[in-house]
Structure formats: C-alpha cells, structure tokens
Amino acid sequence: MTISSPKISLTPPPVLPGERFVIPADDPLPLDNGGRLGPVTIAYRTYGRLDERKANAVLVCHALTGDQFVAETHPVTGKPGWWETLVGPGRVLDTDRFFVICANVIGGCMGTTGPKEADPATGRPYGLSFPVITIGDMVRAQKRLVESLGIESLFCVVGGSMGGMQVLQWATAHPEMVFSAMPIATAARHSAQNIAFHEVGRQAIMADPEWCGGAYAERGTRPHRGLAVARMAAHITYLSETALHRKFGRNLQDRDALSYGFGADFQVESYLRHQGSTFVERFDANSYLYITRAMDYFDLARDFGGQLANAFRGSRARFCVVSFTSDWLFPTSESRALVHALNAAAANVSFVEIPTDKGHDAFLLDEPELFKVLGGFVEGCAERRGLKR
Amino acid sequence: MATPMQLVGAHPRANIRVDLQVIADMIEPGTRVLDVGCGDGQLLDYLVHFRQVDGRGMEISQAGVNNCVAHGLSVIQGDADTDLKDYPSDAFDYVILSQTLQATHDPREVLMQLVRIGRRAIVSFPNFGAWHVRLKLLWSGKMPVTDSYDVAWYETPNIHLCTIDDFAELCSDVGITIERGMVLDAAGRPRALRAPGFLANLLGEQGLFVLGRRA
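This text gives an overview of the structure that appears in the document. (Residues numbered from 1 in each chain as written. Chains lettered and ligands numbered in written order. Predicted model: local features only at pLDDT ≥ 70, side-chain atom pairs only at ≥ 80, totals over all residues. Heavy atoms only, no water.)

1. Notes on the interface of chain A and chain B
Counting residues at the interface gives 27 residues for chain A, matched by 24 residues for chain B. Buried surface at the junction of chain A and chain B, both sides included, amounts to about 1,900 Å², of which 45% is carbon and sulfur. Applying the counting criterion to the chain A and chain B interface returns 14 residue pairs in polar contact (both at pLDDT 80 or more). Residue assignment for the side of chain A that touches chain B shows that the elements contributing at least two residues are β11 (318–324), α10 (332–344), β12 (348–354) and α11 (368–385) of chain A. For the side of chain A that touches chain B, the element with the most residues is α11(A), which contributes eight residues. (Contact = heavy atoms within 4.5 Å. Buried area = accessible area lost by both parts, 1.4 Å probe. Polar contact = N/O pair within 3.5 Å; in protein donor to acceptor, adjacent residues only side chain to side chain. Helix = DSSP H or I, 4+ residues; strand = E, 2+ residues; numbered from the N terminus.)

2. A few points about the pattern of salt bridges
Using the criterion set out here, one finds 23 salt bridges over all chains in the structure. Where D32(A) meets R140(A), a salt bridge forms, and the shortest distance between an N and an O atom there is 2.8 Å. In this pair, D32(A) sits in the loop between β2 (29–30) and β3 (36–37) while R140(A) sits in helix α1 (residues 135–148), placing the two residues 108 residues apart along the sequence. For R140(A), a relative accessible area of 24% translates into the label partly exposed. The salt bridge partner of D90(B) is R213(B), with a shortest N-O separation of 2.7 Å. Taken as a pair, D90(B) in the loop between α4 (80–83) and β4 (92–98) and R213(B) in strand β8 (residues 206–213) lie far apart in primary sequence, 123 residues in all. With relative accessibility at 37%, the residue D90(B) sits in the partly exposed group. The exposure class assigned to R213(B) is partly exposed, which follows from its relative accessible area of 38%. One salt-bridge network, held together by shared partners, links E199(A), R202(A), R293(A) and D296(A). (Salt bridge = Lys/Arg side-chain N within 4 Å of Asp/Glu carboxyl O. Buried < 20%, exposed > 50% of the residue type's maximum accessible area, 1.4 Å probe, protein only.)

3. Observations concerning the side chain of E72(A)
Residue and element names in this part refer to chain A. Topologically, E72 is positioned in the loop between β5 (57–61) and β6 (87–88). By relative accessible area, which is 18% here, E72 ends up buried. Side chain to side chain, E72 and R45 meet in a polar contact 2.6 Å long. Apart from residues no more than four positions distant in its own chain, E72 is found in contact with R45, Y47, K79, P80, G81 and E84.

And the structure:
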C-alpha cells in the first residue's frame, strides 16, 4: 500500500493576492552560475507602514517550503501565516511599528519566477531549463526589491533555517544595508548530513515516473508521490526523537491491534502521510529540487577564502544568533561556529540557545523564551536606531 | 529560570552592587568593553546606559544569557576557558572578569587572553589570604566556608582559589603588569590599602586589579 493520492486539481490556481515586483529583461539578475535571469517576477507581501525616514523596514526571509504569506491566512491552504506568532500587531515584529516585507524566493512556487512559471523565450514552463539558483541569487533579487521600495538600510533581516542562510548572506554581501540580523536555527554552510537528506528527497521526486524529467506540467501529470515522500523524509528531520515520541509513541491509528499489513498502523505513519499529501497540494516538485539545491550550495566561508570570520570583517550590524537544544538538523554547534567567527571579527553579537524538545521546527512554534529573547534584541536595536515605541 | 533576574533593559538601574560600581567607575565612557562572566548583566547594563560603552558580554549559564539578550544586551553563551581565544587582539579597551577567575580551569591562560584581547583587563576575585579565612583553616582544620566561599569544598565551582599575593606573583611570572590594585571589604567597598601588600593580603576580602601588558 502506498500513500493515498491527494486530490489535485490541474486547473490553474487562483491568482495569488499580494504585490509584484518585476526585474526587467533589459536589466536582468546576474546569477552565481554565471548566467542572467530576466524578467523575474517577485511576489511579496508587506505589512505595516514605512516611516518617513524609511528606517523601520524589516525583511523576513522564509525557509525551504515557506512563502511570502508570513502574517496572514494562506490563500491556498487557509492556514494561519507561517510566522504569525512573531509578526503582527503587538508581536515582536510589531506591524504597527515596523514595515515588514516578505518575498517568495526565486525558484519558488508562490508567484515568484521559478521552474513552474513560463519561460518567456518559449512560452512553456521552465521545468529543468530553469537555472540552478543559490542563496546569493535569492538575496540579490531581494535587494532589487528592497531598493525599489526606496529602502537604503533594513532595520532588521530575520529568518530561520534557509531564511537564516539568507540573513547571513544579506549581512555579508550587503552589510551596509543591514542594521541588525537575526539568523535563527541555521548555519553558515549546509552540512554533509543535510545535503544527504536533501538528496534523498530529490531522488524520491525524480524516481516518480510522473516527474517526466521535470516536464510534468506539459504532460499533465504531477509527481505527487515522490514529492510526498521527500516531504515525509524531510519532516522527520524537522522534529526531535523526543517530540515524536511524546506526540505519537507507538500508538496505533484508528485500530486496536496490529494489522499485519503495510497500512498506516501507527499514528506516526498516518501523521507523516498526512504531512506528505497536504504538502503536494501547495508545493511544486521542481521548486523543491531547486531550492534544496540552493541550500546545499550554501557555504559562506567559501566566498571569503575559507575563513568564515572574514565574511563578517568590518560588519557593523548587530547579530542575534539563536539555536534550539533539540535541533539536530541545524544543531547548536553550527550556531556556535558562526558566533566564533563573528567574535573573531569583533562583531556585535548575541547568542542564545533555547531549551526545547521540539527540534528544528521550534523556530516556527510558540516558544515564549524565543519571543522574549528576540523581543529584547529588537527593542535594544530599535533604541539605537532611534525608532519610536 | 533558575534565579529571578532583576535587570530591566528598558529601565536601566542606576543602583548596582557596590563592588560592581567600583569597577564601573574605572571605565572611561564611550569605550569598548567585554564583560566575561557577566551573569545577569547588571554591570553591563549599567555601563551601556550610564557610561555609553559599546558593551558585550559572555556568560556560561543559559538562563543568564537569555535574560541579558531579552533585555537588549549583546551577550553570548560562552566559556572563559575556551571561547576567549576567538576574539582578535586589542578588540576591546577593557575586558572585565569579575568574581570569575577562581572558577576557571586555567586561570593563567584566561589572564593572558584577557590582556591580549583588551588593552586593559579588570579582574576581581575573593582573597583566600584574608585573615579570617586563614584562621578558619588554622583552627578548624577544615576548608573555610565564608561569605565569599559559601559552599562546601565538594560542590564549590571555585576550583582555583588564590590569595592576593598568589595573584600578583602569577601576573609577574607571565608578564602582566598590575597598573592598579586595591582590596574591597566584605560589603564590596574599597579599603585604603595598596595591593599587593602584606596588609592587603591579610585584610582584603576581595582583590581588584587593573592589568595591562608589559611594554
């Protein structure tokens, strides 16, 4: 027995709400692979108001499967915004006080140019003809967007996981534009173990016959089984053994005894299948390939002669690095390495490890200690930036 | 949270512990300061708000760090024994090590790191040579438990206790200059004695030294 097929409509999704910014074809985005990409549409959302000095802008960077709908009901899933716990009126990133921007990364599938969008040269979806992009490319595109809004300096750049990688990229590639940076549950490079997990996910997608070498959109198929398996494997890495045990233990799903078959006997199986099947309703398989690749390629020190500290040399930004005790995907040791490098560059850095058993996902969950720490950091930065309460 | 923290970043406290105030008064306004073992951030908060320093902290306890950062201080979780080596030389004008030296594994190395990364180091520690400590050991024949050493030998974090004369000797051995030395009484107030010295070593409850590199 395999995962139940999700109900997928092949009719085009409704036009997503939110703003669009276009990088024109005559001024294309230079890419790390040496190529250029244009036109590029960037789908983004903003919350709050930019103040007169344009000093209160906060850029939120989303993680692998996140998107721009950070603080509002998601138009596709109907679920709350992915970081509503942190962003919104009265929250740490108070939208009554800050101008919050969140953009879908390039290569994504929520309105920003990515493999599922049409290549203007052919009129057909890019598929695998889309260039392999990097975290650096994502940030380069975001910089164009931020500049188009008339913002010369971001009060804060914040993100977790892949979002944290973008934060680090921002702080090192465009230090003059970053007043403060909050890289959370992240690392300055993707580890061998993390690349390995991503490879499992990609192979699952590519092993699905409906993937069709990436051209599934034109064939009218969707590699939903492969993508669901990729999501299931990845989802395990977002949790901790303790959390899984606490949530599910060896509890059986809708039955009193083992079935002696391969159905979802255990609650944990049922849960993962559910995670897989709901994911494919909102995410594009090729986007998953491209974005995981971008994370794998991330290695901040490589651009600075192999010395991570050099990346932060002369940085005047204030950093708040956060890790979680039970996160084994981006463990505290990665954050500590980052902090050592920041110290070596005499950067202004705070570093906290939050005790939790919720694993990597903790950064998206209701963690009062996290909000307390981030709140204090943001307040301290706002004071120095001269932002009113 | 293990201990209630009193620090309030938004409403900085003007009144800090007496011995911390003595240290604060040694710091020039507007300088770069690293407080190693900053605890709940009391001194650092004062320095940032009343001396306008560019202040950073390092603290080993997670609760202490989280509380400091939650109050807007730039503090990292770290260990004086292992994490000072990351900082570049001359990164700070002052590096403070208040009541922490005796709890480090390698006090000599820690002291050398302090004067490497700071132009000056300010170090305070409880004086094991104080007369009443000597008396307790002499009369009872047991490890003294006093205000400064308030836990039994088997559970104390203070693994490298020293006297003021011991400290001065170590500084001399490793080429560290004592620019200024004083002793504090049990309440943390300075006493009119020059340290190091026979009387300072006998009467001082705490030693407080400003250190520099030998030119």
